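Analysis of the macromolecular model
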Amino acid sequence: MTKYLKLLRVEQWVKNAFVFLPLFFSGNFFQEGLLLQSIYAFVVFSLTASCIYIVNDYSDIEADKKHPEKKYRPLASGAISKPLALSILASLILGIVGLMWFGQQYFGINIWKFGAIILFYFVMIWGYTFHLKHVAIIDVCIVSLGFVLRVLAGGYATGIPISQWAILLTFVLALVLALGKRRGELINAQISGKTRKALDGYNVQFADIALSISVTLAIICYLMFTVTPEVQSKFGMKIFYTVLFVGFAFLRYLQQTLVYNKTESPTKIVYKDRYIQITILLWMMSFLFLIYHQYLIGAKG
């Protein structure tokens with residue numbers, strides 16, 4: 001069972017939690033209908049992402065065999081055969097098609113808009129897998145756009161509008177993580193050799209500068225999001241102070257990246273770094289209080 005979970009990259013599904021952001025920030029997280037729609041979007045996006053992971057691992061078998069960590073992936077190690085991987089891929093695609101019909105029939109989801117996002121994501125990452133991941137800068141931009149599509153999928157599934165600052169913040173935040181990962185790969189490449197063609201278009205100095213610019217933009221976008229009239233009128237001025245948690249989280253991430261060289265996989269930070277975990281928890285708690293405290297007062301009124 002473990003090898004199948006690794007093939008599907010279930011641990012990477014945490015990235016798809018971005019589909020819940022429109023619902024969370026709308027103040028309607030505890031509305032059962034909207035929550036079920038968001039869960040539906042999470043499941044569909046996660047299965048779609050697993051399809052891409054299988055395609056990626058299938059096409060990168062030889063390169064992964066040379067990587068110190070990726071060589072243990074099911075396809076690269078031979079734990080799962082190529083024909084079996086393709087059968088699992090076909091089953092997932094059929095399952096996604098079935099879920100699309102289910103979502104339209106039972107959740108009332110606008111399947112054309114939601115389906116267009118899923119299809120665009122699939123085609124975009126397909127292009128990324130077979131060519132664009134080898135083109136420096138474009139590769140990290142596509143990864144970042146993938147997170148924006150997650151947020152849009154959550155918005156279309158629930159019918160919740162998304163602000164421009166939230167979209168831009170999502171893109172820049174993902175860019176920070178992608179650049180941090182490329183920097184980690186560069187450090188690793190100095191030891192074991194390059195494993196990506198795109199790394200030819202990067203060096204550590206460029207990654208450091210690009211990462212610093214992206215972190216600055218991310219904090220600015222978050223600030224602008226918190227001071228927009230619609231956000232402050234709905235949730236109050238105190239929401240501005242949550243930037244303290246955001247600033248600390250980015251500083252910790254930069255420390256892990258620039259000082260300890262531990263960010264080849266951003267997902268591992270979320271699972272292992274206690275400082276970032278606590279900061280995210282405090283940020284979420286503060287938002288839960290500010291957003292839903294105001295929401296409950298408005299509901300009682």
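From a predicted model like this one, the values you see are computed outputs, not experimental measurements.

Thresholds, definitions, all that
Residues numbered from 1 in each chain as written. Predicted model: local features only at pLDDT ≥ 70, side-chain atom pairs only at ≥ 80, totals over all residues. Heavy atoms only, no water. Helix = DSSP H or I, 4+ residues; strand = E, 2+ residues; numbered from the N terminus. Polar contact = N/O pair within 3.5 Å; in protein donor to acceptor, adjacent residues only side chain to side chain. Contact = heavy atoms within 4.5 Å. Disulfide = S-S within 2.5 Å. Buried < 20%, exposed > 50% of the residue type's maximum accessible area, 1.4 Å probe, protein only. Salt bridge = Lys/Arg side-chain N within 4 Å of Asp/Glu carboxyl O. pLDDT = per-residue confidence, 0-100. Axes fitted to C-alpha atoms, helices over the stretch in contact; angles between N-to-C directions. Parallel < 35°, antiparallel > 145°, perpendicular 65-115°, else oblique. Left-handed = near helix turned anticlockwise from the far one by under 90°. Nonpolar A, V, L, I, M, F, W, Y, C, P; charged D, E, K, R; others polar. Phe/Tyr/Trp six-rings, centres within 6.5 Å; stacked < 30°, edge-to-face > 60°. Lys NZ or Arg CZ within 6 Å of the ring centre and 35° of its normal.

Here we take up the side chain of Ser-144. Topologically, Ser-144 is positioned in helix α8 (residues 138-158). At a separation of 3.1 Å, a polar atom in the side chain of Ser-144 contacts the main-chain amide nitrogen of Leu-175. Among all residues touching Ser-144, those that are not within four sequence positions of it are Phe-171, Ala-174 and Leu-175.

Next up on the list: the state of the cysteines. On inspection of all chains with the given rule, the structure shows zero disulfides. Free of any disulfide, Cys-221 has its nearest neighbouring cysteine sulfur in Cys-141, separated by 14 Å. Taking the relative accessible area as the measure of exposure, Cys-221 reaches 4% and is therefore buried.

Applying the stated criterion to the full structure yields nine salt bridges. Between Arg-182 and Glu-185 there is a salt bridge, and its shortest N-O distance comes to 3.4 Å. Taken as a pair, Arg-182 and Glu-185 lie in helix α9 (residues 164-192) at a separation of three residues, close to a single helical turn. Grouping residues by exposure puts Arg-182 and Glu-185 together as buried. A cluster of three or more residues bridged by salt bridges with shared partners is formed by Arg-9, Asp-57, Asp-64 and Arg-73.

Checked against the element boundaries, Ile-213 lands in helix α10 (residues 204-227). Residues Ile-213 and Leu-94 lie 119 residues apart in sequence; the distance between their C-alpha atoms is 42 Å.

The next thing to look at is the confidence of the model for the protein. Residues shown with low pLDDT carry predicted positions that ought not to be read at fine detail. Chain-level statistics for the protein give a pLDDT mean of 88 and a share of 95% at 70 or above. Across the protein, the element-wise mean pLDDT spans from 74 in helix α13 (residues 266-272) up to 95 in α8.

The next point concerns the packing of α8 against α9. Taken N-terminus to C-terminus, the directions of α8 and α9 make an angle of 140°; their axes are 8 Å apart at the nearest point. As the angle between them shows, α8 and α9 are arranged oblique. The handedness of the crossing between α8 and α9 is right-handed. Note on element contacts: α9 touches α8 through Ile-167, Thr-170, Phe-171, Ala-174, Leu-175, Ala-178, Leu-179 and Arg-182, opposite Asp-139, Val-140, Cys-141, Val-143, Ser-144, Leu-145, Phe-147, Val-148, Val-151 and Leu-152. Its residues assigned to classes, the contact of α8 with α9 shows 14 nonpolar, two polar and two charged.

In this section: the packing of aromatic side chains. The final tally for this structure, using the stated rule, is 22 aromatic pairs. Taken together, a centroid distance of 5.4 Å and an interplanar angle of 80° make the contact between Phe-24 and Phe-25 edge-to-face. Summarising the burial analysis for this pair, Phe-24 and Phe-25 share the class buried. Centroid distance Phe-25 to Phe-287: 5.1 Å. Interplanar angle 80°. Geometry classified as edge-to-face. Highlighted residues: Phe-25 in helix α2 (residues 21-26) and Phe-287 in helix α14 (residues 274-300), separated in sequence by 262 residues. A single burial state applies to Phe-25 and to Phe-287, both of which are buried. What links up through ring pairs into an aromatic cluster is the set Phe-20, Phe-24, Phe-25, Phe-29, Phe-30, Phe-42, Phe-225, Trp-283 and Phe-287. A cation sits over an aromatic face here: Lys-82 above Tyr-58, 5.7 Å from the ring centre.

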